[in-house]
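Structural overview
Single-letter residue listing:
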Amino acid sequence: MITGPTFDEMLRPGRIAAGTRRRARQVRERDPLDVHNLFNISWRDADDRIMAFTLPPQLTGVETPIAVLYGRDFPSGSHKVGAAYSVLLEGVLTGDVDPARHVLVWPSTGNYGIGGAWVGGRMGCDSLVVLPEGMSRERFERIEGYGARIRRTAGSESNVKEIYDETKRLRASGDHIRILNQFEVMGNYRFHYYVTGNTIAELAGELAGAGIGGGVVSAFVSAMGSGGTIAAGDRLRQIWPQHKIVGLEPQQCPTLYNNGYGAHDIEGIGDKHVTWIHNVLNMDALMCIDDLACLQGLQLLSEARARQVLVDRYGADPALVARLGTHLGISGVCNILGAIKTVRHYGFGADDLVVTVATDAIDRYHSVMADMARTHGELDEAAATGRIERIFRGAGGDRVLPGTPDVRQRWHNLKYYTWVEQQGKSVEELDAQREPAWWVAEQRKVGDIDARLLRLRAADAPVAS
């Protein structure tokens, strides 16, 4: 049985055994498929620096610093690998998953499936990723490159019902199938609550030491796909009770804002249902983001000549602008636009700090950007300036739904249609989520899971070390 880090080691990789950490550093770039890369699942790099940058105000048009944690340098190229690992690890430790005999099914619209293919391969598992056929070409190539098989379903980002239908058929095919559903399994929630949330809290302190913000995270902003990433806000709320948790949806298909009608092109978010693991009763606001604005914004930042306008015309730092061209994907741009809207909506100032994430990077969207260039043309200085002003600096406060008590209850009630009517949950289970104690109990399982893994190591089971 092959395992990797505990939750605590993912948060603070300096606590990993010295020999294991040294080996993980050696293979990080040299051999991405080496099993020791499991110990590189962390928001910290090989030198223990948090993988984050602060956006240039010349782009955002606001004085509030906006920090972006980026997932590009995780194994598999996205922080979703952390959720995939946590879900699989918990299954192995509880005995629900046996890598020697079970086929793992990873329902996904992209990054979680890629992460599952990578993690499953490192931990000796046979993996099958269920993925809509309309996702970017790079997603399929990466999954197959990691040795997993693919089952294509109809539609694209907003067609999760079709994924569920396929996983139901697979589950009925025999006891050898194990469905690792990111939308339902709380290991996804726990990774982001504990690892992402506490990393953000530590980032706030580091930035304050550098004169950026006041050491408090005023708001965490995240679009919802599986509903895992936004769990970091639950941890931040415990540290700072006045902290704001802001969720984002595509305005072309807003589930919480307008019952999930339509389709959209922000790969990785907005899956037309309320996930089981999303604590909607803890969300302060919902904002809608235009998918075309995200695509056009990424095109601006991915084209070198257009990106250079931020340096030449606006005076932005060249090194930071270069990062914008390599560290963002479509959903990352969505999150940035949501963060700018959040600053304006709440009237934050220079001493505040807003944090968001970039799940993946441009390497998964070259084909999409090629389509954008064919459709809209490459950007000259005038066109680039127009997009900077309209999309980023002009991001306003439209389509904002405050999370009042009545609205939060309506968000929660929407879970009924997927989880009780379709996926076999009971009304009693759904009602239990109304109580904060239910979520606290799930959070506290982090310590138990870590203890189980440490006991496994102490028993001299084979691990990557």
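One can find the structure itself at the top, above this paragraph.
Now for a description of the structure that goes with this document. Treat the numbers as computed from the prediction; the structure is a model and nothing was measured. (Residues numbered from 1 in each chain as written. Predicted model: local features only at pLDDT ≥ 70, side-chain atom pairs only at ≥ 80, totals over all residues. Heavy atoms only, no water.)

Considering the pattern of salt bridges
So the rule is basically this: Put simply, a salt bridge is a Lys or Arg side-chain nitrogen that is within 4 Å of an Asp or Glu carboxyl oxygen. Strands here mean DSSP runs of E at least two residues long; helices mean DSSP runs of H or I at least four residues long; both are numbered from the N terminus. Exposed residues in this analysis have more than 50% of their type's maximum accessible area, buried residues have under 20%, and partly exposed residues fall in between, with area computed by a 1.4 Å probe over protein chains only.
Per the stated rule, a full pass over the model turns up 34 salt bridges. Measuring nitrogen to oxygen at the nearest pair gives 2.9 Å for the salt bridge that ties Arg 12 to Glu 202. Note that Arg 12 is positioned in the loop between α1 (7-11) and α2 (18-30) and Glu 202 in helix α8 (residues 186-209), a separation of 190 residues in sequence. On the accessibility criterion, Arg 12 (29% relative accessible area) is partly exposed. The shortest N-O distance in the salt bridge between Arg 393 and Glu 389 comes to 3.6 Å. The exposure class assigned to Arg 393 is partly exposed, which follows from its relative accessible area of 28%. On the basis of relative accessibility, which here comes to 37%, the residue Glu 389 falls in the partly exposed class.

So, the packing of aromatic side chains
To be explicit about the condition: Planes of paired rings set the category: under 30 degrees apart is stacked, over 60 is edge-to-face and the rest tilted, where pairs are Phe, Tyr or Trp rings (Trp by its six-membered ring) whose centres lie within 6.5 Å.
Under the defined criterion, the tally for this structure stands at 12 aromatic pairs. Aromatic pair Tyr 189 and Tyr 193: ring centres 6.1 Å apart, planes at 5 degrees, arrangement stacked. One end of the pair, Tyr 189, and the other, Tyr 193, are both in helix α8, 4 residues apart, so they sit about a helical turn from each other. Assessed through its relative accessible area of 8%, Tyr 193 is described here as buried. Judged by centre distance (4.7 Å) and plane angle (75 degrees), the rings of Trp 438 and Trp 439 are edge-to-face. Trp 439 carries the same exposure label as Trp 438, and that label is buried. Three or more aromatic residues joined by ring pairs form one cluster here, namely Tyr 164, Phe 183, Tyr 189, Tyr 193, Trp 276, Trp 419, Trp 438 and Trp 439.

A closer look at the layout of surface pockets
Which entries qualify depends on this criterion: Cavity: a set of points on a 1 Å grid over the protein atoms alone where a 1.4 Å probe fits but cannot get out. Pocket: an open set with protein on both sides within 12 Å along at least five of seven lines, its lining residues, like those of a cavity, having an atom within 4 Å of a point. Grid points are joined across faces, edges and corners, and a volume is the space filled by probe spheres set on the points. Residues are sorted three ways: Asp, Glu, Lys and Arg are charged, Ala, Val, Leu, Ile, Met, Phe, Trp, Tyr, Cys and Pro are nonpolar, and all the rest, Gly among them, are polar.
Roughly 560 Å³ of volume is contained in the largest pocket. Forming the boundary of the largest pocket are 24 residues, of which Gly 91, Asp 96, Ile 179, Val 185 and Met 186 lie nearest the centre. Secondary structure elements with two or more residues in the lining of the largest pocket: α4 (80-94), β6 (177-179), α8 and α20 (436-458). Split into classes, the residues belonging to the lining of the largest pocket amount to 10 nonpolar, 3 polar and 11 charged. Estimates place the volume of the second largest pocket at around 370 Å³. Lining the second largest pocket are 19 residues, with Arg 28, Glu 29, Asp 73, Phe 74 and Pro 75 sitting closest to its centre. Here the lining of the second largest pocket is built from residues that sort into 6 nonpolar, 4 polar and 9 charged.

Digging into the nonpolar core
The test is simple: As used here, the term nonpolar core means buried Ala, Val, Leu, Ile, Met, Phe, Trp, Tyr and Cys residues forming a set that is joined through side-chain atoms within 4.5 Å. Two residues form a contact once any of their heavy atoms are found within 4.5 Å.
Core analysis: the largest hydrophobic core is formed by 139 residues, its most contacted members being Ile 41, Tyr 85, Leu 88, Leu 310 and Phe 392. Looking at this core, the element that brings in the most residues is α8, giving 11 residues. Leave out the neighbours within four places in its chain, and Tyr 85 touches Thr 3, Gly 4, Pro 5, Met 10, Leu 38, Ile 41, Val 119, Met 123 and Leu 453. In this structure, Met 224, Ile 230, Val 280 and Val 407 belong to the second largest nonpolar core, which totals 12 residues.

Some details on the sheet that holds strand β4 (residues 126-132)
Definition in use: Paired strands, as defined in this entry, are two strands with at least two bridges between them according to DSSP. Interaxial angles span 0 to 180 degrees and are taken between N-to-C directions of axes, which are lines fitted to C-alpha atoms, for helices over the stretch in contact.
Pairing is parallel in the open sheet, where 4 strands are placed in the order β5-β4-β3-β6. Where the open sheet ends on each side, the last strands, each with one partner, are β5 (149-153) and β6. Shown here is a sheet whose adjacent strand axes are inclined to one another by a mean of 25 degrees, direction ignored. The pairing of strand β3 (residues 103-107) with β4 spans 5 bridges and is parallel. Bridge pairing links Trp 106 to Val 129 in β4. The sheet strands contacting helix α7 (residues 160-171) are β3, β4, β5 and β6, and the helix crosses β4 at an angle near 150 degrees.

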